[in-house]
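# Inside the fold
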Amino acid sequence: MANRDLVAVGVLVATVAAATAAGTTSVVRLPPAFLLLLVLPGYVTAALAYAERERESWTLAALVERFALSLGGSLAILPLLAILVYLSVGSVTTWGLVAVVSGYVLLGAAATAVRRARRSGDVGRRTRSVGSRAETSTSSGWISGRLTPLTVVLAASIVIAVATLGVAVTVPAHGEATTDLHLLTEQDGRLVANEYPDTLTEGGSAAVTVGVTNEEHRPTEYTVVTEIQRVQVDGRSVVVADKRRVGRHTFELAHGESWRERQEFQATIAGENIRFVTHLYRGDPPENPTADSAYRTTYVWFDVQPSEAAGE
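All figures in this text were calculated on a predicted structure; none of them were measured in a lab.

A word on helix H3 (residues 40-49). Burial analysis of H3 places seven of its 10 residues in the buried class, which makes it a mostly covered element. Turning to H3, its buried residues are Leu-40, Pro-41, Gly-42, Tyr-43, Val-44, Ala-46 and Ala-47.

Right, let's talk about the packing of aromatic side chains for a bit. Applying the stated criterion across every chain yields a total of five aromatic pairs. Between Phe-251 and Trp-259, the aromatic rings sit 4.2 Å apart at their centres with planes inclined by 10°, giving stacked as the arrangement. Summarising the burial analysis for this pair, Phe-251 and Trp-259 share the class buried. Directly above the aromatic system of Tyr-295 lies the positively charged group of Arg-282, at a separation of 3.8 Å from the ring centroid. Looking at Arg-296, its charged tip hangs above the ring of Tyr-295, at a distance of 4.2 Å from the centre.

Between its first and last C-alpha, helix H4 (residues 60-89) extends 42 Å over 30 residues, near the 44 Å set by a 1.5 Å rise per residue. At Leu-75, H4 is deflected by roughly 30°, the largest bend along its length, and proline Pro-79 occurs up to four residues later in sequence.

Among the surface-exposed residues, Glu-195, Asp-198, Glu-272 and Asp-303 lie close enough to one another that they form a single negatively charged patch. Position of Glu-195 relative to the elements: it lies in the loop between strand E2 (190-192) and strand E3 (199-201).

So, about the pairing of strand E9 (residues 296-305). Strand direction decides the pairing type here: E3 and E9, joined by three bridges, are parallel. When the sheet's bridge partners are listed, Thr-199 is paired in E9 with Asp-303. The pairing of strand E8 (residues 271-282) with E9 spans eight bridges and is classified as antiparallel. Considered in E9, the bridge of Phe-276 is made with Val-300.

It is the contact of H3 with H4, at a shortest axis distance of 6 Å, that shows an interaxial angle of 105°. Between H3 and H4, the interaxial angle falls into the category roughly perpendicular. In contact with Leu-40, Pro-41, Gly-42, Tyr-43, Thr-45 and Ala-46 of H3, H4 contributes Leu-69, Ser-70, Gly-73, Ser-74 and Ile-77. Here the residues of the contact of H3 with H4 sort into six nonpolar, five polar and no charged.

Read from one edge of the open sheet, five strands run E3-E9-E8-E5-E6, paired in mixed fashion. Two strands lie at the open edges of the sheet, namely E3 and strand E6 (237-253), each paired on one side alone. Ignoring strand direction, the axes of neighbouring strands in this sheet form an average angle of 30°. In terms of strand pairing, strand E5 (residues 220-234) meets E6 through 15 bridges, oriented antiparallel. Of the residues in E6, the one forming a bridge with Gln-232 is Val-239.

Ordered by their spatial adjacency, four strands build an open sheet running E2-E1-E4-E7, and the pairing between neighbours is antiparallel. Every interior strand has two partners, whereas the edge strands, E2 and strand E7 (258-266), have only one. Strand-to-strand twist in this sheet, taken as the mean axis angle between neighbours without regard to direction, amounts to 35°. The sheet contact formed by strand E1 (residues 178-187) and E2 spans three bridges and is antiparallel. Its bridge partner being in E2, Thr-185 is matched across the sheet by Val-192.

Despite not being glycine, Glu-195 has its phi angle at roughly 60°, a positive value. Since its relative accessible area comes to 56%, Glu-195 is described here as exposed. Of note in the backbone geometry, His-217 takes a positive phi value of approximately 65° without being a glycine. Examined against the element boundaries, His-217 turns out to sit in the loop between strand E4 (205-215) and E5.

Cut-offs used in this document
Residues numbered from 1 in each chain as written. Predicted model: local features only at pLDDT ≥ 70, side-chain atom pairs only at ≥ 80, totals over all residues. Heavy atoms only, no water. Buried < 20%, exposed > 50% of the residue type's maximum accessible area, 1.4 Å probe, protein only. Helix = DSSP H or I, 4+ residues; strand = E, 2+ residues; numbered from the N terminus. Phe/Tyr/Trp six-rings, centres within 6.5 Å; stacked < 30°, edge-to-face > 60°. Lys NZ or Arg CZ within 6 Å of the ring centre and 35° of its normal. Expected span 1.5 Å × (residues − 1). Bend = angle between axes of the 7 residues up to and from the residue. Patch = residues over 30% accessible without salt bridge, like charges linked within 9 Å, V, L, I, M, F, W, Y side chains within 5 Å. Areas by Shrake-Rupley, 256 points an atom, 1.4 Å probe, with all protein chains shown as cover. Salt bridge = Lys/Arg side-chain N within 4 Å of Asp/Glu carboxyl O. Lys, Arg positive; Asp, Glu negative; His and termini not counted. Charge placed at Lys NZ, Arg CZ, Asp CG, Glu CD. Pairing = 2+ DSSP bridges. Axes fitted to C-alpha atoms, helices over the stretch in contact; angles between N-to-C directions. Parallel < 35°, antiparallel > 145°, perpendicular 65-115°, else oblique. Contact = heavy atoms within 4.5 Å. Nonpolar A, V, L, I, M, F, W, Y, C, P; charged D, E, K, R; others polar.

Limitation: the analysis is restricted to geometry and does not speak to function.
This is the structure in structure tokens:
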């Protein structure tokens, strides 16, 4: 089959799309994704450019040179496609990159097949001479077909240069999906991240605004649990001696959305080392929320002085 390489390209694109949709592990997804992102864009680009030239046999030298050329071309094309994804959806997501690269590769393969068919038709109507022109036909293909030291160095250098990029693109980084949890106070009609209450009288009250921003790249359900805690600090060890629940809120945010809620609390626990604590969970929290079980935890410290009525 004249276009068996293009059929293989289509099968590989379908394999990567299926692996991404099924949510397979990175170890399974990495090899085909590496080929899709860092080989196929350059391959179909070169194949399209030389589609009307005579094709040579698949020798080892030809394979090495074509692989090196495909890597180099993909390294130049992939950043442009990543920029296109970012301009379209506001971030470079796995699905967005796979979709755009797959579309580019499939369109390039289709255009290459059309040009090859046109060349075959032209060749069938053309009369060839078998003299010197036949001798030069083997060098008029995609590449020379000779394995030279320069080819080996080029292939090795490109593989080393893009290995880190390939892993970074195909394996999600730990920090790419996150949620921002923050505490704010109101000052002159504005919410700011300072001027937190530091001293309260027992029975008195204060207010803190809890904020959550979803950067998980998917809709996420959250639960916020707020508490007043008295803790004992011994070096780096912090032990919760007493705690009182202030509130609990469950909500769902789309990617990029934020939630804010003003939490007013009373100083029902007197003493030093008192803190207003916010635990954030994705989904439902356990019966006894703690900093160890929470997805995010933040807090502000303050002291609670005994009221004058309590001292009389």
